[in-house]
Amino acid sequence: MKPAHSSHLPLWIALISTLTMVIVVRETAVVLCQLAGIEKAANIVGLVAMFVILMIWRLLKGLPNWLTQASNTLLVDSGFAFLPVSAGAGLLLFALGDELLGVMVTMIVSTLIPMWGLALLANRWLNQDANANSGTTNQQKEQP
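Each residue is numbered by its place in its chain's sequence as written, counting from 1. Selection of residues for local features in this predicted model requires a pLDDT of at least 70, selection of side-chain atom pairs for listing and counting requires 80 or more, and totals for whole chains, interfaces and linings are taken over all residues. To get the side-chain values, all heavy atoms of the structure are used, and hydrogens and water are removed first.

Turning to the pattern of salt bridges, a few remarks are in order. Any carboxyl oxygen of Asp or Glu that lies within 4 Å of a side-chain nitrogen of Lys or Arg is treated as forming a salt bridge with it. Enumeration according to the criterion identifies one salt bridge in this entry. Put simply, arginine 26 and glutamate 27 hold a salt bridge, and the shortest N to O gap is 3.3 Å. Each residue's exposure class comes from its accessible area (1.4 Å probe, protein chains only) as a fraction of the maximum for that residue type: buried when under 20%, exposed when over 50%, partly exposed otherwise. Take arginine 26: its relative accessible area is 35%, and that puts it in the partly exposed class.

Right, dumping it as structure tokens:
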């Protein structure tokens, strides 16, 4: 794997270039999926294609700093992309009628149990790391 090469582009050019790349890959995936007769798979095909393109680019040449900078800037604000999906899901939930309570309990339990397990694992990992660091510090203090 090659390190990222440095190219100094202004942020606005980097953002436009990154968005253009994403749009071109996605629209190409839409056209290819329409030709193949699987229009509904266009988003996942575009996602996989972008992943493959970026991995090959990274392995052959190294990702430029402008791409990383633009991606980080776009990802900070990507929460706005989920608002329409969340609103639509909320509207659909209330259309469930009698099944709403069961679906909500399932969603809450299936979210809370993995989060609880992850919190336990993180707590163990952090405690082991803290114990290892404090043992090293104590050993260093004891040495003359």
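The next thing to look at is the packing of helix α1 (residues 11-36) against helix α3 (residues 65-76). In this analysis, axes come from line fits to C-alpha atoms, helices being fitted only over the stretch in contact, and the angle between any two N-to-C directions falls in the range 0 to 180 degrees. Secondary structure elements are taken from DSSP: a helix is a run of H or I of four residues or more, a strand is a run of E of two residues or more, and numbering for both begins at the N terminus. Two elements in contact, α1 and α3, have axes separated by 9 Å at closest approach and are oriented at 80 degrees. When the axis of α1 is compared with that of α3, the two are roughly perpendicular. Between α1 and α3, the contacting residues are Leu11, Ala14, Leu15, Ser17, Thr18, Leu19 and Met21 on the first element and Trp66, Leu67, Gln69, Ala70, Ser71, Thr73 and Leu74 on the second. Each residue receives one of three labels: charged for Asp, Glu, Lys and Arg, nonpolar for Ala, Val, Leu, Ile, Met, Phe, Trp, Tyr, Cys and Pro, and polar for the others, Gly being one of them. Among the residues forming the contact of α1 with α3, the class breakdown is nine nonpolar, five polar and no charged. Note that the term roughly parallel is reserved for angles under 35 degrees, roughly antiparallel for angles over 145, roughly perpendicular for angles of 65 to 115, and oblique for everything else. Two residues qualify as a contact provided that any one of their heavy atoms is within 4.5 Å of a heavy atom in the partner residue.

Here we take up the packing of α1 against helix α2 (residues 42-60). At a minimum axis distance of 8 Å, the contact between α1 and α2 shows a crossing angle of 130 degrees. Classified by the angle between their axes, α1 and α2 sit oblique to one another. Once α1 is placed against α2, the crossing between them reads as right-handed. Touching Met21, Val22, Val25, Arg26, Ala29, Val30 and Cys33 of α1 are Ala42, Asn43, Val45, Gly46, Ala49, Met50, Ile53, Leu54 and Trp57, all from α2. Here the residues of the contact of α1 with α2 sort into 13 nonpolar, two polar and one charged. Handedness of a crossing follows from how the near helix is turned relative to the far one, being left-handed for an anticlockwise turn of less than a right angle and right-handed for a clockwise one.

Quick look at the nonpolar core now. Side-chain atoms within 4.5 Å link the members of a nonpolar core, which is a set of buried Ala, Val, Leu, Ile, Met, Phe, Trp, Tyr and Cys residues. Formed by Ala14, Met21, Val25, Met50, Trp66, Leu67 and Ala70, the largest nonpolar core amounts to seven residues. Where this core is concerned, the elements lending two or more residues are α1 and α3. Ignoring sequence-local partners within four residues, the contact set of methionine 50 consists of Met21, Val22 and Val25.

Now for the environment of leucine 32. Residue position: leucine 32 is located in helix α1. Separated by 13 residues in the primary sequence, leucine 32 and valine 45 place their C-alpha atoms 9.1 Å from one another.

Time to look at α1. Over its 26 residues, α1 runs 37 Å from end to end, which matches the ideal 38 Å to within 8%, given 1.5 Å per residue. Considering only its buried residues, α1 is in contact with α2 and α3. Following α1 by one or two positions, glycine 37 has its phi on the positive side, about 80 degrees. What a helix is expected to span follows from its residue count: subtract one and scale by 1.5 Å.

Take leucine 67: it is sitting in helix α3. Given the relative accessible area of 4%, leucine 67 is considered buried.

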